[in-house]
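Single-letter residue listing:
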Amino acid sequence: MTADTRGIEWVKRIQAIAQAGLAYSKDAYDLERFEELRAISVEMMSAYSGLAIEQVANLFANESGYQTPKVDVRGVVMQDGKLLLVKEKTDGGWSLPGGWADIGLSPKEIVVKEVKEESGYDVEPVKLLAVLDRNKHPHPPLAHHVYKLFIHCKLTGGQAQTSIETTEVGFFAENELPSLSTDRVTSGQIAMLFKQVREPLGETIFD
């Protein structure tokens, strides 16, 4: 772990402590101190990330209550031994279709929605393959602590179609992967998922 990565992790912990303090403290002086602590964490994250303070405040410190990890849900869809990937408009890399979990929807409902929206395909969720802690894998640093859910889905219909977030849709063999959007998925995770699909009786992997 690099110095910058360690620094970001420390800042996220400071932010979480400040947010919990703001949620549960009753003393006015303590609330003032926790508010100051959160403001400092925003300034620190801005310095580490290069983002404007306003951007960091909106992204990193706009929640209330006890802070918990965000949930990223990804669909694992196979056709003839090849994996469905979508090309992300934001960075030009390829990823499994998916995104942040929506309030009011179950993981199954989210993965069906996300795969349809990002790729045009209809799917039926089959099995939860893995639950991973993003911090334990070689993704670029992120302001949030994230749990990643990978759900194996059976292709049931639809056709390839891009969206406001994707520019291409395709199926790829394990040894012919395109350049990946490492913010979202890594080559090691892709290899793990191919193995999980080939071993349907295997247990769910979790960090």
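Structure's up top.
The structure presented is a predicted model; accordingly, all values stated were derived computationally and were not measured.

A. Representation of the environment of His139 within the structure. With respect to the helices and strands, the residue His139 is situated in the loop between β5 (121-133) and β6 (146-158). In this structure the C-alpha to C-alpha distance between His139 and Val185, which are 46 residues apart in sequence, comes to 7.6 Å. There is a polar contact of 3.0 Å between the side chain of His139 and the side chain of Gln189.

B. Spatial organisation of the pairing of strand β2 (residues 82-88). By the criterion of burial, β2 is predominantly enclosed, with 5 of the 7 residues buried. Pairing geometry for strand β1 (residues 70-79) and β2, over 2 bridges, is antiparallel. Within the sheet, the bridge partner assigned to Gln79 lies in β2 and is Lys82. The antiparallel pairing of β1 with β2 creates a hairpin that spans 2 residues between the two strands, and Asp80 there sits at a positive phi of about 55 degrees. Bridge count between β2 and strand β7 (residues 166-172): 6 bridges; the pairing is antiparallel. Note that in β7 the partner of Leu83 across the bridge is Phe172. Bridge count for β2 against strand β3 (residues 94-95) is 2 bridges, and the pairing is antiparallel.

Rules used throughout
- Think of each chain on its own: its residues are numbered from 1, step by step along the sequence as written.
- pLDDT decides what is reported in this predicted model: residues at 70 or higher carry local features, side-chain atom pairs at 80 or more are listed and counted, and totals for whole chains, interfaces and linings draw on all residues regardless.
- Here the side-chain values reflect all heavy atoms present in the structure, with hydrogen atoms and water set aside.
- Labels follow the DSSP assignment, with helices taken as runs of H or I lasting at least four residues and strands as runs of E lasting at least two, numbered in each case from the N terminus.
- Whenever two N or O atoms come within 3.5 Å, that pair is a polar contact, provided that in protein one can donate a hydrogen and the other can accept it, and provided that, for residues adjacent in sequence, both atoms are side-chain atoms.
- Exposure is judged per residue with a 1.4 Å probe applied to protein chains only, and the accessible area is read against the type maximum: over 50% gives exposed, under 20% gives buried, and values in between give partly exposed.
- Any two strands between which DSSP finds at least two bridges are classified as paired.

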